[in-house]
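As a plain string of letters, each chain reads:
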Amino acid sequence: MISMKQLIKSDVKYSEDGNIIHFIFGDEDRPYWSKCLTEHLVTNKIDLNMSKRYEDQKDIMTKDEKHRRFIEFISAADGVKVDLASGPSGYFSPILDKLTETDTFIVTDACLPVIKAHSGACGKSNFFVFDIDLDRGLPFTDNSISAFSGNFLTNVETLPNLMKEAYRCLKPGGRFACIEVFYEQGSKSFEHLNAQGSIHASFETFVDFCKNIGFQYIGSDVLITRQGKIAEGDLFPLDDNDYSSDRTIYLEKRVSK
Ligand SMILES: C[S@@+](CC[C@H](N)C(=O)[O-])C[C@H]1O[C@@H](n2cnc3c(N)ncnc32)[C@H](O)[C@@H]1O
(Lines give C-alpha, C1' and ligand atoms only; values in the text may rest on other atoms or scores of the structure.)
Protein backbone atom coordinates (compact mmCIF):
# COMPACT_ATOMS: atom_id res chain seq x y z
CA MET A 1 0.00 0.00 0.00
CA ILE A 2 1.30 3.43 -0.96
CA SER A 3 2.01 6.00 1.82
CA MET A 4 0.44 9.48 1.91
CA LYS A 5 3.98 10.91 1.75
CA GLN A 6 4.54 9.22 -1.63
CA LEU A 7 1.15 10.27 -2.92
CA ILE A 8 0.77 13.89 -1.85
CA LYS A 9 2.76 16.80 -3.35
CA SER A 10 5.57 17.91 -1.02
CA ASP A 11 4.28 21.51 -0.78
CA VAL A 12 0.73 20.50 0.27
CA LYS A 13 -0.08 20.67 4.00
CA TYR A 14 -2.29 18.00 5.57
CA SER A 15 -2.98 16.35 8.91
CA GLU A 16 -3.93 12.73 9.63
CA ASP A 17 -6.70 11.65 12.01
CA GLY A 18 -7.18 7.88 11.72
CA ASN A 19 -8.32 7.20 8.15
CA ILE A 20 -9.31 10.88 7.63
CA ILE A 21 -6.75 13.15 5.96
CA HIS A 22 -7.55 16.85 6.46
CA PHE A 23 -6.60 19.41 3.82
CA ILE A 24 -9.06 21.92 5.29
CA PHE A 25 -7.92 23.56 8.54
CA GLY A 26 -10.48 25.44 10.59
CA ASP A 27 -13.89 26.91 9.85
CA GLU A 28 -12.64 29.89 7.83
CA ASP A 29 -10.96 27.49 5.40
CA ARG A 30 -14.15 25.49 4.76
CA PRO A 31 -16.28 26.47 1.73
CA TYR A 32 -19.54 28.26 2.61
CA TRP A 33 -21.77 25.79 0.72
CA SER A 34 -20.34 22.85 2.69
CA LYS A 35 -21.22 24.62 5.97
CA CYS A 36 -24.80 25.04 4.65
CA LEU A 37 -24.94 21.33 3.80
CA THR A 38 -23.67 20.48 7.30
CA GLU A 39 -26.30 22.76 8.85
CA HIS A 40 -29.02 21.08 6.78
CA LEU A 41 -27.90 17.59 7.90
CA VAL A 42 -27.57 18.62 11.56
CA THR A 43 -30.80 20.69 11.76
CA ASN A 44 -32.85 17.94 10.17
CA LYS A 45 -31.11 15.27 12.28
CA ILE A 46 -30.24 13.29 9.14
CA ASP A 47 -28.35 10.11 10.04
CA LEU A 48 -26.39 9.23 6.93
CA ASN A 49 -26.09 5.60 8.11
CA MET A 50 -23.34 5.00 5.57
CA SER A 51 -22.88 1.30 6.37
CA LYS A 52 -26.48 0.71 5.25
CA ARG A 53 -25.95 2.88 2.15
CA TYR A 54 -22.86 0.84 1.24
CA GLU A 55 -24.90 -2.37 1.61
CA ASP A 56 -27.85 -1.01 -0.44
CA GLN A 57 -25.56 0.25 -3.22
CA LYS A 58 -24.07 -3.23 -3.68
CA ASP A 59 -27.39 -4.26 -5.27
CA ILE A 60 -28.03 -0.98 -7.12
CA MET A 61 -24.57 -0.73 -8.68
CA THR A 62 -24.44 -4.36 -9.79
CA LYS A 63 -28.05 -4.72 -10.94
CA ASP A 64 -27.32 -4.80 -14.66
CA GLU A 65 -24.49 -4.99 -17.17
CA LYS A 66 -24.17 -1.21 -17.52
CA HIS A 67 -23.71 -0.63 -13.78
CA ARG A 68 -21.38 -3.63 -13.49
CA ARG A 69 -19.27 -2.22 -16.33
CA PHE A 70 -18.71 0.93 -14.26
CA ILE A 71 -17.64 -1.05 -11.16
CA GLU A 72 -15.37 -3.33 -13.20
CA PHE A 73 -13.75 -0.46 -15.12
CA ILE A 74 -12.53 1.19 -11.89
CA SER A 75 -11.83 -2.07 -10.01
CA ALA A 76 -9.59 -3.37 -12.81
CA ALA A 77 -7.16 -0.43 -12.41
CA ASP A 78 -4.54 -1.64 -9.89
CA GLY A 79 -3.25 0.99 -7.46
CA VAL A 80 -4.73 4.19 -6.06
CA LYS A 81 -8.40 4.84 -6.88
CA VAL A 82 -10.01 8.16 -5.95
CA ASP A 83 -13.72 8.96 -5.86
CA LEU A 84 -14.37 12.68 -6.47
CA ALA A 85 -17.02 14.65 -4.51
CA SER A 86 -18.16 11.39 -2.97
CA GLY A 87 -21.30 12.75 -1.29
CA PRO A 88 -23.81 10.68 0.64
CA SER A 89 -24.84 7.88 -1.77
CA GLY A 90 -21.97 5.41 -1.24
CA TYR A 91 -22.50 4.33 -4.87
CA PHE A 92 -18.89 3.09 -5.17
CA SER A 93 -19.23 0.47 -2.41
CA PRO A 94 -18.93 -2.63 -4.68
CA ILE A 95 -15.46 -1.35 -5.65
CA LEU A 96 -14.41 -1.61 -1.97
CA ASP A 97 -15.25 -5.32 -1.97
CA LYS A 98 -12.84 -5.85 -4.86
CA LEU A 99 -9.87 -3.95 -3.38
CA THR A 100 -6.62 -5.94 -3.33
CA GLU A 101 -3.76 -5.47 -0.84
CA THR A 102 -1.87 -3.30 -3.33
CA ASP A 103 -4.87 -1.00 -3.92
CA THR A 104 -5.82 2.15 -2.03
CA PHE A 105 -9.28 3.75 -2.15
CA ILE A 106 -9.79 7.43 -1.35
CA VAL A 107 -13.15 9.14 -0.75
CA THR A 108 -13.19 12.96 -1.13
CA ASP A 109 -15.63 15.57 0.18
CA ALA A 110 -15.65 18.92 2.01
CA CYS A 111 -18.68 18.33 4.24
CA LEU A 112 -17.71 17.04 7.70
CA PRO A 113 -20.78 14.83 8.46
CA VAL A 114 -20.35 13.16 5.04
CA ILE A 115 -16.62 12.65 5.72
CA LYS A 116 -17.23 11.17 9.17
CA ALA A 117 -20.00 8.89 7.87
CA HIS A 118 -17.64 7.41 5.23
CA SER A 119 -14.77 7.16 7.70
CA GLY A 120 -16.75 4.85 9.98
CA ALA A 121 -18.33 2.75 7.22
CA CYS A 122 -15.25 0.90 5.96
CA GLY A 123 -12.68 -0.67 8.27
CA LYS A 124 -10.15 -1.60 5.56
CA SER A 125 -6.61 -0.34 6.19
CA ASN A 126 -6.30 0.78 2.55
CA PHE A 127 -9.41 3.01 2.72
CA PHE A 128 -9.03 6.77 3.35
CA VAL A 129 -11.31 9.80 3.43
CA PHE A 130 -9.96 13.19 2.30
CA ASP A 131 -11.49 16.30 3.85
CA ILE A 132 -10.76 18.55 0.87
CA ASP A 133 -12.10 21.40 -1.26
CA LEU A 134 -11.81 20.08 -4.82
CA ASP A 135 -12.22 23.62 -6.18
CA ARG A 136 -8.63 24.21 -5.04
CA GLY A 137 -7.17 21.43 -7.19
CA LEU A 138 -5.95 17.94 -6.31
CA PRO A 139 -3.11 17.26 -3.83
CA PHE A 140 -1.65 14.25 -5.64
CA THR A 141 1.72 14.09 -7.39
CA ASP A 142 1.74 13.86 -11.21
CA ASN A 143 1.09 10.41 -12.72
CA SER A 144 0.31 8.81 -9.34
CA ILE A 145 -3.35 7.76 -9.56
CA SER A 146 -4.68 4.62 -11.31
CA ALA A 147 -8.36 5.61 -11.47
CA PHE A 148 -10.79 8.41 -10.69
CA SER A 149 -14.53 7.92 -10.34
CA GLY A 150 -17.37 10.42 -9.91
CA ASN A 151 -21.13 10.39 -9.56
CA PHE A 152 -22.78 13.73 -10.52
CA LEU A 153 -19.60 15.78 -10.54
CA THR A 154 -21.26 18.70 -12.30
CA ASN A 155 -22.02 19.96 -8.79
CA VAL A 156 -18.34 20.95 -8.46
CA GLU A 157 -18.00 24.67 -9.35
CA THR A 158 -14.64 24.39 -11.11
CA LEU A 159 -15.33 21.19 -13.05
CA PRO A 160 -13.08 22.11 -16.05
CA ASN A 161 -10.11 22.58 -13.70
CA LEU A 162 -10.95 19.39 -11.80
CA MET A 163 -10.92 17.41 -15.06
CA LYS A 164 -7.51 18.91 -15.96
CA GLU A 165 -6.21 18.11 -12.48
CA ALA A 166 -7.47 14.52 -12.72
CA TYR A 167 -5.65 14.18 -16.05
CA ARG A 168 -2.43 15.53 -14.51
CA CYS A 169 -2.61 13.10 -11.56
CA LEU A 170 -3.48 9.98 -13.58
CA LYS A 171 -0.78 7.53 -14.54
CA PRO A 172 -0.46 6.96 -18.30
CA GLY A 173 -3.16 4.37 -19.03
CA GLY A 174 -5.02 5.55 -15.90
CA ARG A 175 -8.81 5.51 -15.98
CA PHE A 176 -11.62 8.00 -15.38
CA ALA A 177 -15.27 6.95 -15.11
CA CYS A 178 -18.21 9.12 -14.15
CA ILE A 179 -22.01 9.09 -14.12
CA GLU A 180 -23.64 12.37 -15.16
CA VAL A 181 -26.99 13.84 -16.22
CA PHE A 182 -26.93 15.40 -19.69
CA TYR A 183 -29.59 17.37 -21.59
CA GLU A 184 -30.30 16.78 -25.26
CA GLN A 185 -28.59 19.12 -27.72
CA GLY A 186 -31.18 21.70 -28.82
CA SER A 187 -33.20 21.54 -25.58
CA LYS A 188 -33.77 24.77 -23.60
CA SER A 189 -31.58 23.46 -20.77
CA PHE A 190 -28.77 22.70 -23.23
CA GLU A 191 -29.05 26.16 -24.87
CA HIS A 192 -28.86 27.85 -21.44
CA LEU A 193 -25.88 25.82 -20.19
CA ASN A 194 -24.09 26.13 -23.54
CA ALA A 195 -24.52 29.93 -23.56
CA GLN A 196 -22.84 29.94 -20.13
CA GLY A 197 -19.95 27.92 -21.55
CA SER A 198 -20.62 24.90 -19.27
CA ILE A 199 -18.55 21.92 -20.35
CA HIS A 200 -21.46 19.68 -19.29
CA ALA A 201 -24.06 21.46 -21.47
CA SER A 202 -24.45 18.12 -23.25
CA PHE A 203 -22.79 14.71 -23.43
CA GLU A 204 -21.07 15.84 -26.65
CA THR A 205 -19.64 19.08 -25.16
CA PHE A 206 -18.34 17.17 -22.12
CA VAL A 207 -16.62 14.47 -24.19
CA ASP A 208 -15.13 17.12 -26.53
CA PHE A 209 -13.69 18.99 -23.55
CA CYS A 210 -12.17 15.80 -22.14
CA LYS A 211 -10.64 14.87 -25.51
CA ASN A 212 -9.16 18.38 -25.82
CA ILE A 213 -7.30 18.06 -22.52
CA GLY A 214 -5.80 14.75 -23.69
CA PHE A 215 -8.20 12.01 -22.58
CA GLN A 216 -9.01 9.13 -24.87
CA TYR A 217 -12.76 8.49 -25.03
CA ILE A 218 -13.45 4.79 -24.37
CA GLY A 219 -17.24 4.65 -24.32
CA SER A 220 -20.52 5.43 -22.60
CA ASP A 221 -23.83 3.82 -21.65
CA VAL A 222 -27.22 5.47 -21.22
CA LEU A 223 -28.57 4.35 -17.83
CA ILE A 224 -31.94 6.11 -17.97
CA THR A 225 -33.70 8.79 -20.06
CA ARG A 226 -36.44 10.99 -18.62
CA GLN A 227 -38.61 13.95 -19.63
CA GLY A 228 -38.99 16.89 -17.25
CA LYS A 229 -37.86 17.25 -13.66
CA ILE A 230 -36.71 14.44 -11.36
CA ALA A 231 -38.25 16.13 -8.29
CA GLU A 232 -40.65 19.03 -7.71
CA GLY A 233 -38.65 22.23 -7.09
CA ASP A 234 -35.62 21.17 -9.19
CA LEU A 235 -33.99 24.05 -11.07
CA PHE A 236 -33.40 21.89 -14.18
CA PRO A 237 -34.61 21.11 -16.75
CA LEU A 238 -35.70 24.62 -17.71
CA ASP A 239 -38.56 23.25 -19.80
CA ASP A 240 -40.84 20.31 -18.94
CA ASN A 241 -40.36 19.03 -22.51
CA ASP A 242 -36.57 18.75 -22.14
CA TYR A 243 -35.17 15.24 -22.13
CA SER A 244 -32.18 14.27 -19.99
CA SER A 245 -30.19 11.07 -19.71
CA ASP A 246 -28.04 9.66 -16.92
CA ARG A 247 -24.94 8.32 -18.65
CA THR A 248 -21.74 6.60 -17.71
CA ILE A 249 -18.61 7.92 -19.44
CA TYR A 250 -15.30 6.06 -19.72
CA LEU A 251 -12.01 7.85 -20.40
CA GLU A 252 -8.32 6.94 -20.31
CA LYS A 253 -5.08 8.89 -20.16
CA ARG A 254 -3.12 7.91 -23.25
CA VAL A 255 0.16 6.08 -22.87
CA SER A 256 2.61 8.27 -24.85
CA LYS A 257 4.71 6.49 -27.48
C1 LIG B 1 -24.51 16.15 -5.73
S2 LIG B 1 -23.44 15.39 -4.51
C3 LIG B 1 -22.52 14.43 -5.61
C4 LIG B 1 -23.13 13.09 -5.51
C5 LIG B 1 -22.23 12.13 -4.79
N6 LIG B 1 -21.10 11.78 -5.63
C7 LIG B 1 -22.99 10.90 -4.37
O8 LIG B 1 -22.86 9.87 -5.05
O9 LIG B 1 -23.74 10.98 -3.40
C10 LIG B 1 -22.48 16.61 -4.00
C11 LIG B 1 -21.39 16.18 -2.99
O12 LIG B 1 -20.21 16.69 -3.53
C13 LIG B 1 -19.51 17.39 -2.55
N14 LIG B 1 -18.79 18.49 -3.21
C15 LIG B 1 -19.28 19.41 -4.08
N16 LIG B 1 -18.32 20.29 -4.43
C17 LIG B 1 -17.19 19.91 -3.77
C18 LIG B 1 -15.88 20.44 -3.69
N19 LIG B 1 -15.53 21.54 -4.34
N20 LIG B 1 -14.99 19.83 -2.89
C21 LIG B 1 -15.33 18.71 -2.19
N22 LIG B 1 -16.56 18.15 -2.22
C23 LIG B 1 -17.48 18.75 -2.99
C24 LIG B 1 -20.57 17.90 -1.58
O25 LIG B 1 -20.06 18.12 -0.29
C26 LIG B 1 -21.61 16.80 -1.61
O27 LIG B 1 -21.40 15.85 -0.58
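Residues numbered from 1 in each chain as written. Predicted model: local features only at pLDDT ≥ 70, side-chain atom pairs only at ≥ 80, totals over all residues. Heavy atoms only, no water.

> Describe the layout of surface pockets, naming the residues involved and giving the relevant values.
Space inside the largest pocket adds up to approximately 1100 Å³. At the level of secondary structure, the elements contributing two or more residues to the lining of the largest pocket comprise helix 2 (32-43), strand 7 (170-183) and strand 9 (243-253). Here the lining of the largest pocket gets 3 residues from one element, more than from any other, and that element is strand 7. Partitioning the lining of the largest pocket into residue classes produces 19 nonpolar, 9 polar and 9 charged. (1 Å grid on protein atoms, 1.4 Å probe; cavity = no way out; pocket = protein on both sides within 12 Å on 5 of 7 lines; lining within 4 Å. Points joined across faces, edges and corners; volume = space filled by probe spheres on them. Helix = DSSP H or I, 4+ residues; strand = E, 2+ residues; numbered from the N terminus. Nonpolar A, V, L, I, M, F, W, Y, C, P; charged D, E, K, R; others polar.)

> Summarise unusual backbone geometry; cite the residues concerned and give the values.
With an omega dihedral of 0°, the bond running from F236 to P237 counts as a cis peptide bond. Along the chain, P237 falls in the loop between strand 8 (215-227) and strand 9. Positive phi is not limited to glycine here, since K45 has a value of about 50°. Mapped onto the fold, K45 is located in the loop between helix 2 and helix 3 (50-60). The backbone phi angle of N143 is positive, close to 55°, even though this residue is not glycine. Mapped onto the elements of the fold, N143 is located in the loop between strand 5 (127-131) and strand 6 (145-151).

> Explain the pairing of strand 3 (residues 80-84) to me, and be specific about the residues and the numbers.
Burial runs high along strand 3: 5 of the 5 residues are buried. Burial along strand 3 is two-sided: the residues V80, V82 and L84 and K81 and D83 are all buried. Bridge count for strand 3 against strand 4 (residues 104-109) is 4 bridges, and the pairing is parallel. Across the sheet, the residue bridging to V80 is T104, located in strand 4. Bridge count between strand 3 and strand 6: 4 bridges; the pairing is parallel. Note that in strand 6 the partner of L84 across the bridge is G150. (Buried < 20%, exposed > 50% of the residue type's maximum accessible area, 1.4 Å probe, protein only. Pairing = 2+ DSSP bridges.)

> Now, about helix 6 (residues 112-119): what can you tell me, with residues and values included?
By the burial criterion, the buried members of helix 6 are V114, I115, A117, H118 and S119. Contacts made by the buried residues of helix 6 are with strand 2 (20-22), helix 2, helix 3, strand 4 and strand 5. (Contact = heavy atoms within 4.5 Å.)

> Describe the environment of P88, listing the residues and the values that go with them.
Following the sequence through the fold, P88 ends up in the loop between strand 3 and helix 5 (93-97). Overall, the relative accessible area of 40% leaves P88 in the partly exposed class. Distance from P88 to K45, taken between C-alpha atoms, is 14 Å for residues 43 residues apart in sequence. Other than its neighbours up to four places away in sequence, P88 contacts L48, M50, R53 and V114.

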